[in-house]
Amino acid sequence: MNRLFPFLLLLLLSSCIREQLPSANTPQGNFEALWQIMDEHYCFFDYKKQEIGVDWNEVHTRYGQKIADGMSQQQLFEVLCQMIGELRDGHVNLGSAFDYGRNWSYYEDYPDNFRADIIDRYLGRGTDYQIAAGLKYRILDDNVGYVRYESFQNGVGDGNISYMLNALKGCAGLIIDVRNNGGGSLEEARRLASHFTNDVTLVGYTQHKTGTGHGDFSAPEPLYLDPATGVRWQKPVVLLTNRRCFSATNDFVKCMQEFPLVTTLGDQTGGGSGMPFTLELPNGWSVRYSAVVFLDARRQHTEFGVQPDIPLQMDDADLAAGRDTYIEAARRLLQP
């Protein structure tokens, strides 16, 4: 059994727990409850203060001045979303019956570096490529394998992955395209990654909150990835990334960078390295926040993304000609 599985299962079960904090169901009471939830449970305050200058006490003072007893639910929702948006965390959300607060600046402020219609040209018609659960794949005309994984919410088993890799075994190398993959299951992401290593590999560390202080954490605990028991790829891989690679996809890229045959190419990933948990405000709105820290193998944060080995931006001339700059660069890298 993969030694990560019990740990991940515990986190996934824990992330479904919802608690109710005692506080008045008023605009002020809900404001204070949200600020306190984040103050006591959010896991990146020290890092966010260092990187983007967020002072959570100053945030309380500034946004507290915007709270009034007679404000509507929509007005309160807007202020609370603006407050938590200061953290620039795609895992921090406020959910109500009428809207879902979110911060998508991790990709909205950057070039897309992806065109779905052009990807369709590489995959071809529906009968030109194969589908193994959440994986789409085919052999390109230069004998390079191309794999598209659109979301780690789409489950894929070891058998699916092994069948695909066996079908592509004659290729010179493999392109794995996870651009615009917004995440999903860590278990799915690490299952796929396990087919690209022959050794038990240190892929990162995790830290848990041990108290309500911003710096109250356990010592970093190492996380290892076991090699898959099925087919394992033994040739070069180029992994394509952009800013919409978030959460579990960010973790997948982080893991794949530890393997010697893998080269990452493209734009920095979008980040999202915290495990989200959920609590509830007095008025019933749900609060999602990052609660568990995941670091890379060098104990560095990837909350704001993973840098590629080879940075690249899409070329306008390529786009006009219906070519994908990333895929074409990867094909050149994989030629013998």
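Everything below is about the structure shown above.
All figures in this text were calculated on a predicted structure; none of them were measured in a lab.

A. Seen up close, the side chain of Arg148. The residue Arg148 is located in strand E5 (residues 144-149) in this model. One polar contact links the side chain of Arg148 to the main-chain carbonyl oxygen of Arg179, over a distance of 2.7 Å. Among residues more than four places away in sequence, those in contact with Arg148 are Phe114, Ile119, Gly134, Leu135, Lys136, Asp177, Val178, Arg179 and Asn180.

B. Structural detail: the layout of surface pockets. Within this model, the largest pocket holds a volume of roughly 490 Å³. Surrounding the largest pocket, 30 residues form its lining, His91, Gly184, Ser247, Pro276 and Arg288 being those nearest its centre. Elements that contribute at least two residues to the lining of the largest pocket include exactly helix H10 (248-256), strand E11 (274-280) and strand E12 (286-295). Of the residues belonging to the lining of the largest pocket, the class tally is ten nonpolar, 16 polar and four charged.

C. Focus on the nonpolar core. By size, the foremost hydrophobic cluster in this structure holds 76 residues, and its most contacted members are Met38, Phe196, Phe252 and Met256. Among all residues touching Met38, those that are not within four sequence positions of it are Phe45, Trp56, Ile84, Leu87, Val92, Val287 and Tyr289. Counting residues in each nonpolar core, the second largest holds 20 residues, with Leu240, Leu319, Ile327 and Ala329 among its members.

D. Layout of the environment of Ala24. As for its position among the elements, Ala24 is in the loop between helix H1 (5-14) and helix H2 (27-41). Residues Ala24 and Met164, 140 residues apart in the sequence, show an inter-C-alpha distance of 55 Å. Those residues within four positions of Ala24 in sequence are excluded, and the remaining contacts are Gly29, Asn30 and Pro282.

E. Region of interest: the packing of aromatic side chains. Tallied over the full model, the rule gives 14 aromatic pairs. Look at Tyr42 and Phe44: their rings are 6.0 Å apart centre to centre, the planes differ by 75 degrees, and that puts the pair in the edge-to-face class. In this structure Phe44 comes out as buried when scored by relative accessible area, which is 0%. Residues Tyr106 and Tyr107 carry aromatic rings whose centres are separated by 5.1 Å and whose planes lie at 75 degrees to one another, so their mutual orientation is edge-to-face.

F. A look at helix H9 (residues 186-193). Among the eight residues of H9, seven are classified as buried, and the element is accordingly described as predominantly covered. Residues Leu186, Glu188, Ala189, Arg190, Arg191, Leu192 and Ala193 constitute the buried set of H9.

G. Quick peek at the pattern of salt bridges. Counted under the stated rule, the structure contains 20 salt bridges. Asp89 serves as the salt-bridge partner of Lys48, at 4.0 Å between the closest nitrogen and oxygen. Linking Lys48 in helix H3 (residues 45-52) with Asp89 in the loop between helix H5 (73-85) and strand E1 (93-95), this pair joins segments that are 41 residues apart in sequence. In this structure, Lys48 and Asp89 share a single accessibility class: buried. Linking Asp251 and Lys254 is a salt bridge whose minimum nitrogen-to-oxygen distance equals 3.0 Å. Taken together, the residues Asp251 and Lys254, both in helix H10 and three residues apart, mark about one turn of the helix. Residue classification places Asp251 among the buried residues on the basis of a relative accessible area of 5%. By relative accessible area, Lys254 is classed as buried at 3%. Taken together, the shared-partner salt bridges in this structure form one network comprising Asp141, Asp142, Glu328 and Arg331.

H. Representation of the packing of H2 against H5 in the model. With their axes 11 Å apart at the nearest point, H2 and H5 run at an angle of 20 degrees to one another. One element, H2, and the other, H5, form an angle in the roughly parallel class. Here H2 runs over H5; the crossing is right-handed. For the pair H2 and H5, contact is made by Pro27, Asn30, Phe31, Leu34, Trp35 and Met38 and by Leu76, Leu80, Met83 and Ile84, respectively. Classifying every residue of the contact of H2 with H5 by side-chain character gives nine nonpolar, one polar and no charged.

I. The pairing of strand E7 (residues 201-208), seen in detail. Of all the eight residues making up E7, six are buried; the element is thus mostly covered by neighbouring parts of the structure. The sheet contact formed by E7 and E12 spans four bridges and is antiparallel. Counted as the bridge partner of His208 is Val292 from E12.

J. Local environment of unusual backbone geometry. One non-glycine residue, Arg88, lies in positive phi territory at about 50 degrees. Mapped onto the fold, Arg88 is located in the loop between H5 and E1. With phi around 65 degrees, Asn143 is a residue other than glycine that occupies positive phi space. With respect to the helices, strands and loops of the structure, Asn143 is situated in the loop between strand E4 (135-139) and E5. Here Asn143 falls in the partly exposed class, since its relative accessible area comes to 35%.

K. Structural detail: the environment of Gly134. The residue Gly134 is located in the loop between strand E3 (130-132) and E4 in this model. Expressed as a C-alpha distance, the spacing of Gly134 and Pro276, which sit 142 residues apart in the sequence, is 23 Å. When near neighbours in sequence (up to four residues on either side) are disregarded, Gly134 contacts Arg148, Tyr149, Glu150, Asn154, Gly155 and Val156.

Calculation criteria
- Residues numbered from 1 in each chain as written.
- Predicted model: local features only at pLDDT ≥ 70, side-chain atom pairs only at ≥ 80, totals over all residues.
- Heavy atoms only, no water.
- Helix = DSSP H or I, 4+ residues; strand = E, 2+ residues; numbered from the N terminus.
- Polar contact = N/O pair within 3.5 Å; in protein donor to acceptor, adjacent residues only side chain to side chain.
- Contact = heavy atoms within 4.5 Å.
- 1 Å grid on protein atoms, 1.4 Å probe; cavity = no way out; pocket = protein on both sides within 12 Å on 5 of 7 lines; lining within 4 Å.
- Points joined across faces, edges and corners; volume = space filled by probe spheres on them.
- Nonpolar A, V, L, I, M, F, W, Y, C, P; charged D, E, K, R; others polar.
- Core = buried A, V, L, I, M, F, W, Y, C linked by side-chain atoms within 4.5 Å.
- Buried < 20%, exposed > 50% of the residue type's maximum accessible area, 1.4 Å probe, protein only.
- Phe/Tyr/Trp six-rings, centres within 6.5 Å; stacked < 30°, edge-to-face > 60°.
- Salt bridge = Lys/Arg side-chain N within 4 Å of Asp/Glu carboxyl O.
- Axes fitted to C-alpha atoms, helices over the stretch in contact; angles between N-to-C directions.
- Parallel < 35°, antiparallel > 145°, perpendicular 65-115°, else oblique.
- Left-handed = near helix turned anticlockwise from the far one by under 90°.
- Pairing = 2+ DSSP bridges.

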